[in-house]
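The primary structure of each chain is shown beneath.
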Amino acid sequence: MLLDYIPSDLNVQLLFGLALGVLFGIAAQITRFCLRRSVAGEEGVDRAGLSVWLLALATAIAAVQFAVGAGYAVLEESRYLNPDIPALAIVLGGLAFGVGMVLTRGCVTRLTVLSATGNMRALTVLVVFAITAHAMMKGILAPLRTTLGEISFELPFATVAAVPGIGIVLPVGLIGGSIWLGKRGGASVTHLGLGAFTGLLVAAGWIGTSTLLMDEFDPSPVQSIAFTLPWTDSLFWVIASTAIPAGFGTGLIGGVMVGAFLSALVRSELTLVSFAEPQQTVRYGAGGVLMGIGGVLAGGCTIGAGLSGVATLSLSAMLALVAIVTGAVVARYVLGARSADAVLA
């Protein structure tokens, strides 16, 4: 593979994550890519935003399934393809994540992009999110994760990829829905094109980490674009960089922030934003905690599980995505869109 032609002293996983992140950050900053805005925004469903998100998902599914069929991507080692599904943890985690992203007015992806453009509220939430997620994985909250994770179901299959034609029928259906929503929501051709490009980046992530840059003597996790684990890795690397080498996840987060910053700079959209009152700080902080807990329990965020995970046609990822959307929609309804946004604005 490519590793045979790359100097051994280069951290190729880091550089690959960085490159992928820059491209993703640019696309996400321009399109305001965010599942929360798409399904539980200020006016409810944002048809334009949802059309872009669905087109990204359709492209990701089609590209990943083609890559797997052609042998460009080998995903057997991906955690999303484990038939032992901790259903309770995924559902509770997804619901918590959905509620959290309504409280913070953005999923982790959107907050990462906003933090790079000068939004201090977003950066504060991300720090809370990363600390909470790390505590869930390896810290004081880990017993909660392991206890809920023990309640699982062993399925005969972990993915619906074997269903005849699913890799074609599902993307075509999603594309049709995207076009319908895009026409009624006034989605621009540029944003739709960047949505499709985002889906291709997901496929590139799976291909790069599973085959092109896989070192058989020093294997790294098979992964694609995600934010929960990469943010915890980045936090740990910042704290203990002399002991922990940076990898794909750290490069990805850094790349997204660089790409978003450059895009906002060129588009004159750099703006310093902070909290307006203490109540707002508490609300955003609570949302960050819920997303940290939920992202770990659900096995990923709206991108890690919802986009990259579903692209593998994983049942656990699909369950997580449904739970996240449900949590966000219910939270918006309970809080009241206008009253909640008046507090959070």
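Residues numbered from 1 in each chain as written. Predicted model: local features only at pLDDT ≥ 70, side-chain atom pairs only at ≥ 80, totals over all residues. Heavy atoms only, no water.

### Topic: the overall build of the chain
Along the backbone of the chain there are 15 helices and 2 strands. Reported as C-alpha extents along the three principal axes, the dimensions of the chain are approximately 55 × 50 × 50 Å. Here the chain, with 345 residues, has 52% of them falling under the buried criterion. Of the roughly 15,000 Å² that the chain leaves accessible, carbon and sulfur atoms contribute 69%. Within the chain, the 17 negative side-chain charges are centred at a point lying 18 Å from the centre of the 16 positive side-chain charges. (Helix = DSSP H or I, 4+ residues; strand = E, 2+ residues; numbered from the N terminus. Buried < 20%, exposed > 50% of the residue type's maximum accessible area, 1.4 Å probe, protein only. Areas by Shrake-Rupley, 256 points an atom, 1.4 Å probe, with all protein chains shown as cover. Lys, Arg positive; Asp, Glu negative; His and termini not counted. Charge placed at Lys NZ, Arg CZ, Asp CG, Glu CD.)

### Side note on the pattern of salt bridges
A side chain of one charge can pair with a side chain of the opposite charge if their charged atoms are brought near each other. Evaluated as defined, the whole model comprises 2 salt bridges. The closest approach of N and O atoms between Asp46 and Arg37, which form a salt bridge, is 2.8 Å. Residue Asp46 is classed as partly exposed on the basis of its relative accessible area of 23%. Measuring nitrogen to oxygen at the nearest pair gives 3.2 Å for the salt bridge that ties Glu269 to Arg267. (Salt bridge = Lys/Arg side-chain N within 4 Å of Asp/Glu carboxyl O.)

### Concerning the environment of Tyr284
With respect to the secondary-structure elements, Tyr284 resides in helix α12 (residues 278–298). Along the backbone, Tyr284 and Thr124 are 160 residues apart, and their C-alpha atoms lie at a distance of 8.5 Å.

### Brief notes about the packing of aromatic side chains
What the rule picks out here adds up to 6 aromatic pairs. Summarising the aromatic geometry, the rings of Phe24 and Phe33 are spaced 6.3 Å apart at their centres and angled 85 degrees between planes, so their arrangement reads as edge-to-face. Phe33 matches Phe24 in its accessibility class, with the two residues each being buried. Ring geometry for Phe24 against Phe227: centres 5.8 Å apart, planes inclined by 50 degrees, an arrangement best described as tilted. Here Phe24, found in helix α1 (residues 12–31), pairs with Phe227, found in the loop between α9 (189–212) and α10 (228–239); they are 203 residues apart in sequence, far enough to count as distant. (Phe/Tyr/Trp six-rings, centres within 6.5 Å; stacked < 30°, edge-to-face > 60°.)

### Considering unusual backbone geometry
Residues other than glycine seldom take positive phi values, yet Arg32 does so here, at roughly 55 degrees. For Arg32, the position within the fold is in the loop between α1 and α2 (35–40). For Arg32, a relative accessible area of 44% puts it in the partly exposed group. We note that Arg105 has phi near 60 degrees; this positive angle belongs to a residue other than glycine. Tracing the backbone through its elements, the reader meets Arg105 in the loop between α4 (87–103) and α5 (108–116).

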